[in-house]
Amino acid sequence: MSEKEIIQKLKRIVEPYVQRNEGLDNFHEETDFLRDLEINSANLVDVILDVEDEFDITIDNESMEGMLTVGDAKNIIQHKL
Amino acid sequence: MIGNDLVDLNLALPEKKAKNLRYQEKVFLAGEIDEIKASLDPERSLWRFWSMKECAYKASQRDTRFRRKLNPLDFKCEIQKDSTGLVHTKNATYKVYSEIESNYIHSYTISESFRPSVIYHLDISKQEKLAAIAAALGLSKALVNIEKDSLGIPCLRLGSTPKSFPISMSHHGNFSAFLIPLINS
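Residues numbered from 1 in each chain as written. Chains lettered and ligands numbered in written order. Predicted model: local features only at pLDDT ≥ 70, side-chain atom pairs only at ≥ 80, totals over all residues. Heavy atoms only, no water.

Engineer: Where do I start with the overall build of chain A in this structure?
Structural biologist: Along its length, chain A carries five helices and zero strands. Along the chain direction, N to C, the helices and strands of chain A fall in the order α-α-α-α-α. Its C-alpha atoms give chain A a radius of gyration of 11 Å, within 12% of the compact-globule value 12 Å for 81 residues. Here the C-alpha coordinates of chain A stretch approximately 30 × 25 × 20 Å along the principal axes. When the 81 residues of chain A are sorted by exposure, 51% land in the buried category. Put simply, 47% of the contacts in chain A that link residues at least 6 apart link residues at least 24 apart. Within the structure as shown, chain A displays about 4100 Å² of accessible surface, and the carbon and sulfur contribution to it stands at 39%. Of the side-chain charges in chain A, 8 are positive and 20 negative, and the distance between the mean point of each set is 6 Å. (Helix = DSSP H or I, 4+ residues; strand = E, 2+ residues; numbered from the N terminus. Rg over C-alpha atoms; globule rule 2.2 N^0.38 Å. Buried < 20%, exposed > 50% of the residue type's maximum accessible area, 1.4 Å probe, protein only. Contact = heavy atoms within 4.5 Å. Areas by Shrake-Rupley, 256 points an atom, 1.4 Å probe, with all protein chains shown as cover. Lys, Arg positive; Asp, Glu negative; His and termini not counted. Charge placed at Lys NZ, Arg CZ, Asp CG, Glu CD.)

Engineer: So what exactly am I meant to see when it comes to the confidence of the model for chain B here?
Structural biologist: In low-pLDDT segments, the atomic positions of the prediction should not be examined closely. For chain B, per-residue confidence averages 90 on the pLDDT scale, and residues scoring 70 or more make up 95% of the total. Two summary scores accompany this predicted model of the complex, namely pTM at 0.93 and ipTM at 0.95. (pLDDT = per-residue confidence, 0-100.)

Engineer: Sorry if this is basic, but what is going on with the sheet that holds strand β7 (residues 144–148) of chain B here?
Structural biologist: Strand pairing in a sheet relies on backbone hydrogen bonds, with the paired strands running either antiparallel or parallel. Residues and elements named next belong to chain B. If you walk across this open sheet you meet the three strands as β7-β8-β9, and the pairing is antiparallel. The sheet is open, and its two edges are formed by β7 and β9 (164–166), each paired on a single side. With strand direction ignored, the average angle separating the axes of adjacent strands in the sheet is 35°. By the bridge criterion, three bridges tie strand β8 (residues 154–158) to β9 in an arrangement that is antiparallel. Note that in β9 the partner of Arg 157 across the bridge is Ser 164. Packing against the sheet, helix α5 (residues 126–137) makes contact with β7 and β8, and its axis sits at approximately 120° to β7. (Pairing = 2+ DSSP bridges. Axes fitted to C-alpha atoms, helices over the stretch in contact; angles between N-to-C directions.)

Engineer: It is not clear to me how the packing of helix α1 (residues 3–14) of chain A against helix α5 (residues 70–80) of chain A should be interpreted in this structure. Could you clarify?
Structural biologist: In a pair of packed helices, the angle between the axes and the distance between the axes together describe the arrangement. Residues and elements named next belong to chain A. Look at α1 against α5: their axes get within 10 Å of each other, and the N-to-C directions meet at 120°. Between α1 and α5, the angle is such that the two are oblique. Regarding α1 and α5, the two cross each other, and that crossing is right-handed. On α5, the residues that touch Glu 3, Ile 6, Ile 7 and Leu 10 of α1 are Val 70, Ala 73, Lys 74, Ile 77 and Gln 78. Of the residues contributing to the contact of α1 with α5, the split by class is six nonpolar, one polar and two charged. (Parallel < 35°, antiparallel > 145°, perpendicular 65-115°, else oblique. Left-handed = near helix turned anticlockwise from the far one by under 90°. Nonpolar A, V, L, I, M, F, W, Y, C, P; charged D, E, K, R; others polar.)

Engineer: I'm lost on the interface of chain A and chain B in this one. Help?
Structural biologist: How big an interface is tends to be stated in terms of the accessible area lost upon association of its parts. At the interface, 19 residues of chain A touch 21 residues of chain B. With both sides pooled, the region where chain A packs onto chain B buries about 1700 Å², and carbon together with sulfur makes up 51% of that total. Counting across the interface, chain A meets chain B through five salt bridges. Residues Arg22(B) and Glu52(A) are paired through a salt bridge, measuring 3.0 Å at the closest nitrogen-oxygen approach. (Buried area = accessible area lost by both parts, 1.4 Å probe. Salt bridge = Lys/Arg side-chain N within 4 Å of Asp/Glu carboxyl O.)

Engineer: Just checking my understanding: could you explain the layout of surface pockets for this structure?
Structural biologist: Vacant regions in the atomic arrangement are exposed by a probe of water-molecule size rolled over the atoms. Reported here for the largest pocket is a volume of approximately 1600 Å³. Along its surface, the largest pocket is lined by 50 residues, and Leu34(A), Lys58(B), Lys148(B), Met169(B) and His171(B) are the ones closest to its centre. Taken together, the elements giving at least two residues each to the lining of the largest pocket come down to α3 (41–55) of chain A together with β1 (3–8), α1 (9–12), α4 (42–64), α5, β7, β10 (168–172) and β11 (175–180) of chain B. A per-element tally of the lining of the largest pocket places α4(B) first, with eight residues. (1 Å grid on protein atoms, 1.4 Å probe; cavity = no way out; pocket = protein on both sides within 12 Å on 5 of 7 lines; lining within 4 Å. Points joined across faces, edges and corners; volume = space filled by probe spheres on them.)

Engineer: Quick question: what am I supposed to make of the pattern of salt bridges here?
Structural biologist: Once the charged atoms of two side chains with opposite charge are near each other, the side chains can pair. Per the stated rule, a full pass over the model turns up 14 salt bridges over all chains. For Lys74(A), the salt bridge identified is with Glu29(A), shortest N-O distance 2.8 Å. You can see Lys74(A) sitting in helix α5 and its partner Glu29(A) sitting in the loop between α2 (22–25) and α3, a full 45 residues away along the chain. Notably, a salt bridge pairs Asp46(A) with Lys17(B), separated by 2.9 Å at the nearest N-O pair. Taken together, the residues Asp46(A) in helix α3 and Lys17(B) in the loop between α1 and α2 (21–27) connect one chain to another. Looking at Asp46(A), the relative accessible area reads 7%, which means it is buried. Through salt bridges with shared partners, a single ionic network connects Glu52(A), Asp53(A), Arg22(B) and Lys26(B).

So, in structure tokens, the structure goes:
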């Protein structure tokens, strides 16, 4: 799966939890889930579950700790695929 | 050190997290999951645990300045009474007060030397927040500024003085809560 495809899928996954929609207009690796998209931290756990389902991977607790940006998520997904 | 966290139950309860074991296993320790399940109101109990963890996370980040991370399993909750509990981390234990109301849960921790005033508001703008904080301090709004450092930890600065005071803020849905230091000078 290409990086571009992963990032497109991530965008679809996070959309329901985003509270700052402007953040979606400029969605790239540096986009921060909490600061730029204002996803609340309880919902960030939902994002992680949805990523597990979408990519059929398991995200362990150590990986979860560092999943704060789109790039972090992309790297974790690439590593697990 | 201080920290607070507010959960708007009108948003949180419909998410039915107490029925979602996969979610719980990412956030709560086995003993916490058992307590949630056994409680009279599992959904409310779950959000109390969550807000205790978030509140201790904020206080502990202020203490030790760790980089942001999503590590709810590093915070172990111990309920003491209806409104008090302890949160244990690897390095410290925080005493946390939880106000459990029909529409929200607010958890906060304060150090011994710190006597904050807590104010609640329905969703308000940034300017209105500053006005509410200034009013609680008995100061003019023009004097009060909130600054965040590189970790996103907020502090309160008065006018152009170099001195700053810790402040903790939490916002969710329709509610905002602030822990404000009482300033004597």
